Amino acid sequence: MAVIPRVIAKFESDEPTLKLAVLIDADNAQATIIEGLLAEIATFGEATVKRIYGDFTSPTSAQWKKVLQTHAIKPIQQFAYTTGKNATDSTLIIDAMDLLYTRRFDGFCLVSSDSDFTGLALRIREEGLTVLGFGEQKTPEAFRNACHKFIFTEVLKPVSLQKTSASPSQAPATPTTQPTSSTSGEPVAPPKSSQPALPRKFILEALGSIQYDDAGWVHLGVFGSYLTKIKPDFDPRLYGFKKLSDLVKAMGNDLEIEARKTAGSSAKALYVRRRAAP
């Protein structure tokens, strides 16, 4: 009888994946962002641990209870011991430190708009781990800057919810640079009416501070990493653009972009530089 050879499929990518602990403050995050949040986290690594903290006996947590099982998020019940004190924050911080000392993770995702987690983010960074922050635009600057990367949750909401947040008297904006959404609820940029002004001065000053070649060209990926380092909450989607390259193209009066062939590959690399004055 012939022996059938055993075939083992390789599911893992050759590229290393960050092991991430995702800790959600239910008191300061909305359940409507969950799909976009987990999709965004997946671009950075694997959500090895997913926990959410709050008082799930409270009516305000009703929406969260509907999505916890679907997305395999472990709820950590925390009753409010007294009025005016947030026991949830303390429980999340204690859990984070316990997980930190296991040395099993490459980074943490802190989902909250509360500045109380600034110290936690700094402490995790001191251990050499990556800190990704997620919160609303009202999040204090101290917490945003304590993270390696901070992402506003407004850009993670399904497009249907973003449209309802726009002024009803305004027609929905559909510029060519505005990303579209699939029927699965893929997150896109916030409505045009709620977008902040494009930070042209910041982008141009950052480009002038980075190293470039003799002709002034900088690799777009390198430039994007530098923008995040000096401003962790920088995100092209916040200004209505799906990618940094789209934002650069929209600044055509100030910047120019060039696609170059990569040696030994059919892929092309993008480079950007300051447009010369006429």
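A brief structural summary. Keep in mind the model is a prediction, meaning the values are calculated, not measured.

Here we take up the overall build of the chain. Helices and strands together make up the secondary structure of the chain, namely nine helices and nine strands. When burial is assessed residue by residue, the chain has 44% of its 278 residues classed as buried. Within the chain, contacts between residues at least 6 apart in sequence are counted, and of these 61% link residues at least 24 apart. When the accessible surface of the chain is summed, it comes to about 16000 Å², and 53% of that surface belongs to carbon and sulfur atoms.

What follows deals with helix α7 (residues 200–209). Listing the buried residues of α7 in full gives I203, L204, A206 and L207. The buried residues of α7 occupy one face: seen down the axis, they fall within an arc of 160°. Exposed side chains of α7 directed beyond 90 degrees from the buried face belong to K201, G208 and S209. Looking at the buried positions of α7, the neighbouring elements they touch are β7 (218–219), α8 (220–230), α9 (244–250), β8 (255–261) and β9 (268–274).

Considering the arrangement of structural elements, one finds D55 in the loop between β2 (45–54) and α2 (62–67). K65 provides the closest opposite charge to the buried, unpaired D55, separated from it by 8.4 Å. A polar side-chain atom of D55 sits 2.8 Å from a polar atom in the side chain of Q77.

What follows is about the pairing of strand β3 (residues 74–77). As defined by bridge partners, β2 adjoins β3 across four bridges and the pair is classed as parallel. Bridged to Y53 within β3 is I76. In this fold, the crossover linking β2 to β3 by way of α2 has right-handed handedness.

A few words on the packing of aromatic side chains. Tallying each qualifying case throughout the model produces six aromatic pairs. With 5.7 Å between their ring centres and 75° between their planes, F150 and F152 make a pair best called edge-to-face. For the pair formed by F150 and F152, the shared burial category is buried. Positioned over the ring face of Y271 is R260, at 4.0 Å from the centre of the ring.

It is at 10 Å that the axes of α7 and α8 come closest, and there the two elements cross at 110°. By the angle class used here, α7 and α8 are roughly perpendicular. In this structure, the crossing between α7 and α8 has a hand that is right-handed. Counted together, F202, I203, A206, L207 and S209 of α7 and F223, Y226, L227 and I230 of α8 form the full contact between these two elements.

With that out of the way, let us pick up the pairing of strand β5 (residues 130–135). Within β5, five of the six residues are buried, leaving the element largely enclosed by the surrounding structure. In this sheet, β5 lies alongside strand β4 (residues 107–111) in parallel orientation, the contact comprising five bridges. Of the residues in β5, the one forming a bridge with L110 is G133. Each parallel crossover has a hand, and the one from β4 via helix α4 (residues 118–126) to β5 is right-handed. Note on the crossover from β5 through helix α5 (residues 141–146) to strand β6 (residues 149–152): the handedness is right-handed.

So, how was this worked out
- Residues numbered from 1 in each chain as written.
- Predicted model: local features only at pLDDT ≥ 70, side-chain atom pairs only at ≥ 80, totals over all residues.
- Heavy atoms only, no water.
- Helix = DSSP H or I, 4+ residues; strand = E, 2+ residues; numbered from the N terminus.
- Buried < 20%, exposed > 50% of the residue type's maximum accessible area, 1.4 Å probe, protein only.
- Contact = heavy atoms within 4.5 Å.
- Areas by Shrake-Rupley, 256 points an atom, 1.4 Å probe, with all protein chains shown as cover.
- Arc of directions from axis to C-beta.
- Lys, Arg positive; Asp, Glu negative; His and termini not counted.
- Salt bridge = Lys/Arg side-chain N within 4 Å of Asp/Glu carboxyl O.
- Polar contact = N/O pair within 3.5 Å; in protein donor to acceptor, adjacent residues only side chain to side chain.
- Pairing = 2+ DSSP bridges.
- Right-handed = clockwise from strand over helix to strand, strands pointing away.
- Phe/Tyr/Trp six-rings, centres within 6.5 Å; stacked < 30°, edge-to-face > 60°.
- Lys NZ or Arg CZ within 6 Å of the ring centre and 35° of its normal.
- Axes fitted to C-alpha atoms, helices over the stretch in contact; angles between N-to-C directions.
- Parallel < 35°, antiparallel > 145°, perpendicular 65-115°, else oblique.
- Left-handed = near helix turned anticlockwise from the far one by under 90°.

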